[in-house]
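Here is how the chains run, residue by residue.
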Amino acid sequence: MDLIYLSAAALAREIREKKISSLEAVKACLARIAKVNPQLNAVVQLCAERALAEAREADTLLAKGNPKGPLHGVPMTSKDSFDTAGVVSTGGTLGRKDFIPAADATVVARVRAAGAILLGKTNTPEFTLSFNTTNLIYGPTKNPYNLNRQPSGSSGGAAAIIAAGGSYFDIGSDYAGSIRVPSHACGIAGLKPTAGRVPRTGHIIDYGGAFESFQQIGPLARRVEDLALLLPIIAGPDYLDAAIAPAPLGDPAKVRLQALRVAYYTSNGALDPTPEIQRVVQDCARQMGEAGAKVEEARPPLLKEIGEIRGKLTAADGGAHVQRLIKKAGTRQTAPNLGLGGEPLTSPQFTELVEKLDDCRSRMLEFLENFDVILCPPSAVPAPPLDAPPGPPGWNYTSVYNLTGWPAAVVRAGTSPEGLPLGIQIVGRPWAEHVVLAVAAHIESKTGGWQKPQL
C-alpha cells in the first residue's frame with residue numbers, strides 16, 4: 001500500500017523499525033495535501049516548515065534510541081476548533097481570524113508529546129455548530145468521494161483530508177454527531193468516547209455549562225486500530241476539565257465477540273434511513289451473529305422523546321450561550337448556518353426539561369442491562385449535496401448518544417448507489433469503548449472499511 005494510505009499504527013511501526021523515516025512521511029502528506037486540498041478545501045492552515053523540522057528532529061532522536069512515544073514521527077492534523085500553539089486557530093469565526101494561541105489544547109499537547117507531528121488545521125463550521133463544514137473565513141469543504149457533496153460536520157475538514165490520504169489522523173469534537181456523521185459521510189473511522197473520558201480544555205466550546213456533558217473529544221482515522229491506539233493517549237484527567245474521570249480503559253483485543261449481546265435497529269421511528277443504510281445495519285448484525293454473538297432486533301426506548309428534549313434544550317436560553325461565544329471571540333458578522341435565536345424557557349420550564357432528560361437517560365440505561373452493544377444508522381442519508389439545507393436529515397441518530405453519554409464509533413460498512421460511503425454506528429455501555437472498538441474492528445474486517453477515493 002502507498003505510504004500515505006498506511007494506518008497511523010502501521011506507520012508508527014515502520015518508523016520505529018526504521019523502514020520509513022518521519023521526514024518521508026511528512027513530505028508525503030504535504031505533497032498529498034498540495035495535490036488534493038485545492039479541490040477539497042479541508043486543510044485551512046499549514047505549518048509545513050515546522051512539521052519538516054520536527055520530522056528531522058524525530059529521525060535524529062530515533063537514531064539515538066530516544067523515541068518520544070507511540071506516535072513518534074507520525075504526521076497528523078487538528079480540527080481548527082482546538083488551540084494549537086503558534087498556529088492560527090479560528091474556530092471558524094471571524095473574530096479569531098488571526099488568533100494564534102500560546103499553548104496547545106490538552107488533546108493536541110498529548111498527541112504531540114507522544115510523538116505526533118502537526119501538519120496543519122482542518123476546516124470546521126463556525127464554533128463547530130453546524131453539520132455543514134463551511135464558514136466565512138475559509139468557505140466550504142468538499143467530500144473526496146464526490147466534490148458536489150458535503151463531508152458533513154463539524155469535523156468535516158478532518159474527515160475529508162484523512163479519507164483523501166493527506167493526514168494519518170485528526171482529533172475532532174462531537175456535540176451532536178460531529179465526529180460520527182463526517183466519518184459516515186467520508187468513509188473513515190471515528191470515535192466519540194464516553195462522557196467524562198477526554199478533556200475538552202482548549203476547545204472553542206470547552207468544559208462547563210448546562211450542556212457540557214454533551215460535548216466529547218475523540219479521534220478520526222482511516223482504520224479502527226488507530227482509534228484504539230489514540231484513545232489511551234488522549235484520555236484521562238488534565239486537572240482543568242473537572243468532569244473528566246480517571247476511569248480505566250479496557251483492551252479491545254480481549255473482547256470475546258461470541259459473548260456479546262447485540263441489539264440492532266434500522267430506524268429510530270421518527271425518520272427512516274435510505275434502504276441502503278438500513279441494509280448496512282442488517283448486514284452488520286448478521287456478521288455479528290456469524291461471529292457467535294447473540295443478536296436481536298431491538299431499539300432503546302424514548303429515542304424520539306430524547307431527541308425532542310435536545311432540540312428544546314438547545315433553544316432554552318434563546319441563543320444566549322452562542323451570543324456569549326460570539327462576544328468572547330470578538331466576532332461581528334456570523335455565518336448563515338450558525339444557529340442563533342430560539343424561544344427562551346422560564347426557569348421552571350428549564351428545570352422540568354432537565355428532569356425529563358435525566359428520566360429518559362435512566363430509562364434508556366435500563367435497556368443496556370440486556371445488551372452490550374447497539375448497531376444502528378449514523379444518519380438517515382449519505383453525504384448531502386453542497387447546497388443542502390443545514391442539518392442532514394436524521395442527525396438525531398447520533399445526537400441521542402451525546403445526551404446519554406454512551407461511547408459510539410462509526411466505521412465504513414457499505415456504499416450508496418451514488419458511490420458514496422455508508423457507515424455503521426456502534427454504541428456501547430458507558431466506559432466500554434474497548435467493546436465498541438472490538439465490534440468496529442470486526443465489522444471493518446468483514447466489510448473492508450475505508451476505501452481509497454478516486455481523487
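Structure: see above.
Note that the structure is a prediction, hence the values are computed from the model and not measured.

**Student:** Report on the overall build of the protein, specifying residues and quantitative values.
**Tutor:** Across its full length, the protein carries 13 helices and eleven strands. Here the protein has a C-alpha radius of gyration of 20 Å; the compact-globule value for 455 residues is 23 Å, and the two agree. Burial analysis of the protein (455 residues in total) assigns 61% to the buried set. Put simply, 78% of the contacts in the protein that link residues at least 6 apart link residues at least 24 apart. When the accessible surface of the protein is summed, it comes to about 16,800 Å², and 52% of that surface belongs to carbon and sulfur atoms. With 46 positive and 43 negative side-chain charges, the protein shows a spacing of 4 Å between the two charge centroids.

**Student:** Give a description of the sheet that holds strand 11 (residues 421-428) that names residues and reports values.
**Tutor:** Strands sit in the order 1-3-2-4-6-5-10-11-9-7-8 across an open sheet of eleven strands; the sheet is mixed. Two strands in the sheet have a free side with no partner beyond their single neighbour: strand 1 (43-46) and strand 8 (294-297). If you compare each strand with its neighbour and ignore which way they point, the axes differ by 25° on average. Bridge count between strand 10 (residues 408-415) and strand 11: seven bridges; the pairing is antiparallel. From the neighbouring strand, R412 faces strand 11, where its bridge partner is G423.

**Student:** Report on the packing of helix 9 (residues 303-314) against helix 11 (residues 347-367), specifying residues and quantitative values.
**Tutor:** Two elements in contact, helix 9 and helix 11, have axes whose closest approach is 10 Å; the angle formed by their N-to-C orientations is 150°. Classified by the interaxial angle, the pair formed by helix 9 and helix 11 is roughly antiparallel. Seen from above, helix 9 lies across helix 11 with left-handed handedness. Along its contact with helix 9, which presents L303, I306, I309, K312 and L313, the element helix 11 presents F350, L353, V354, K356, L357, C360 and M364. Class assignment for the residues of the contact of helix 9 with helix 11 results in ten nonpolar, no polar and two charged.

**Student:** Mind laying out the packing of aromatic side chains, listing which residues take part and the relevant values?
**Tutor:** A full pass over the atoms with the stated rule returns five aromatic pairs. An aromatic cluster is defined as three or more aromatic residues linked by ring pairs; in this entry it consists of F211, F214 and F350. In this arrangement the basic side chain of R222 is found over the ring face of W450, its NZ or CZ atom lying 5.6 Å from the centre. The cationic tip of R412 hangs over the ring face of Y145; the distance from NZ or CZ to the ring centre is 5.4 Å.

**Student:** Explain unusual backbone geometry residue by residue, including any values.
**Tutor:** The bulk of non-glycine residues show a negative phi, and the bulk of peptide bonds are trans. Residues G153 and S154 are joined by a peptide bond in cis, for which omega reads 10°. Along the chain, S154 falls in the loop between strand 3 (117-122) and helix 5 (156-163). Phi at F127 is positive, roughly 55°, even though this residue is not glycine. With respect to the element layout, F127 can be found in the loop between strand 3 and helix 5. Relative accessible area serves as the criterion here: at 1%, F127 is assigned to the buried category. Despite not being glycine, S152 shows a phi value in the positive range, around 65°. Inspection of the secondary structure puts S152 in the loop between strand 3 and helix 5.

**Student:** Lay out the side chain of K192 with the relevant residues and their values.
**Tutor:** By secondary structure assignment, the location of K192 is in strand 5 (residues 189-192). For the buried K192, no salt bridge is present, and the opposite-charge side chain at shortest range is D174, 6.2 Å distant. In this structure the side chain of K192 is engaged in a polar contact, spanning 3.3 Å, whose partner is the backbone oxygen of Y401. There is a polar contact of 2.7 Å between the side chain of K192 and the backbone oxygen of W406. Here K192 is in contact with D174, R180, Q216, Y401, N402, G405, W406, P407 and A408, once residues within four sequence places are set aside.

**Student:** A description of the pairing of strand 10 should follow, citing residues and the corresponding values.
**Tutor:** Of all eight residues in strand 10, seven are buried, a share of seventy percent or more. One ladder, built from three bridges, connects strand 5 with strand 10; its direction is antiparallel. Note on strand 10: the bridge partner recorded for G190 is V410. The hairpin formed by strand 10 and strand 11 contains five residues between the paired strands, and G419 there has a positive phi angle of roughly 85°.

**Student:** A description of the pattern of salt bridges should follow, citing residues and the corresponding values.
**Tutor:** Following the criterion strictly, the structure yields 18 salt bridges and no others. Note that R197 is salt-bridged to E433, the shortest N-O span being 2.7 Å. With R197 in the loop between strand 5 and strand 6 (216-221) and E433 in helix 13 (residues 433-447), the pair connects residues that are 236 residues apart, well separated along the chain. Side by side, R197 and E433 carry an identical accessibility label, which is buried. A salt bridge links E444 to R223; its shortest N-O distance comes to 3.7 Å. Of the two residues, E444 sits in helix 13 while R223 sits in the loop between strand 6 and helix 7 (224-234), which places them 221 residues apart along the sequence. A cluster of three or more residues bridged by salt bridges with shared partners is formed by R50, E54, D104 and R112.

**Student:** Go over the side chain of Q425, please, and point to the residues and values.
**Tutor:** Locating Q425 in the fold gives a position in strand 11. Exposure remark for Q425: the relative accessible area of 0% places this residue in the buried category. Ignoring any residue separated from it by four or fewer positions in sequence, one finds Q425 in contact with R180, I374, L375, C376, P377, P378, Y397, T398, Y401, A408, A409 and V410.

Conventions used here
- Residues numbered from 1 in each chain as written.
- Predicted model: local features only at pLDDT ≥ 70, side-chain atom pairs only at ≥ 80, totals over all residues.
- Heavy atoms only, no water.
- Helix = DSSP H or I, 4+ residues; strand = E, 2+ residues; numbered from the N terminus.
- Rg over C-alpha atoms; globule rule 2.2 N^0.38 Å.
- Buried < 20%, exposed > 50% of the residue type's maximum accessible area, 1.4 Å probe, protein only.
- Contact = heavy atoms within 4.5 Å.
- Areas by Shrake-Rupley, 256 points an atom, 1.4 Å probe, with all protein chains shown as cover.
- Lys, Arg positive; Asp, Glu negative; His and termini not counted.
- Charge placed at Lys NZ, Arg CZ, Asp CG, Glu CD.
- Pairing = 2+ DSSP bridges.
- Axes fitted to C-alpha atoms, helices over the stretch in contact; angles between N-to-C directions.
- Parallel < 35°, antiparallel > 145°, perpendicular 65-115°, else oblique.
- Left-handed = near helix turned anticlockwise from the far one by under 90°.
- Nonpolar A, V, L, I, M, F, W, Y, C, P; charged D, E, K, R; others polar.
- Phe/Tyr/Trp six-rings, centres within 6.5 Å; stacked < 30°, edge-to-face > 60°.
- Lys NZ or Arg CZ within 6 Å of the ring centre and 35° of its normal.
- Salt bridge = Lys/Arg side-chain N within 4 Å of Asp/Glu carboxyl O.
- Polar contact = N/O pair within 3.5 Å; in protein donor to acceptor, adjacent residues only side chain to side chain.

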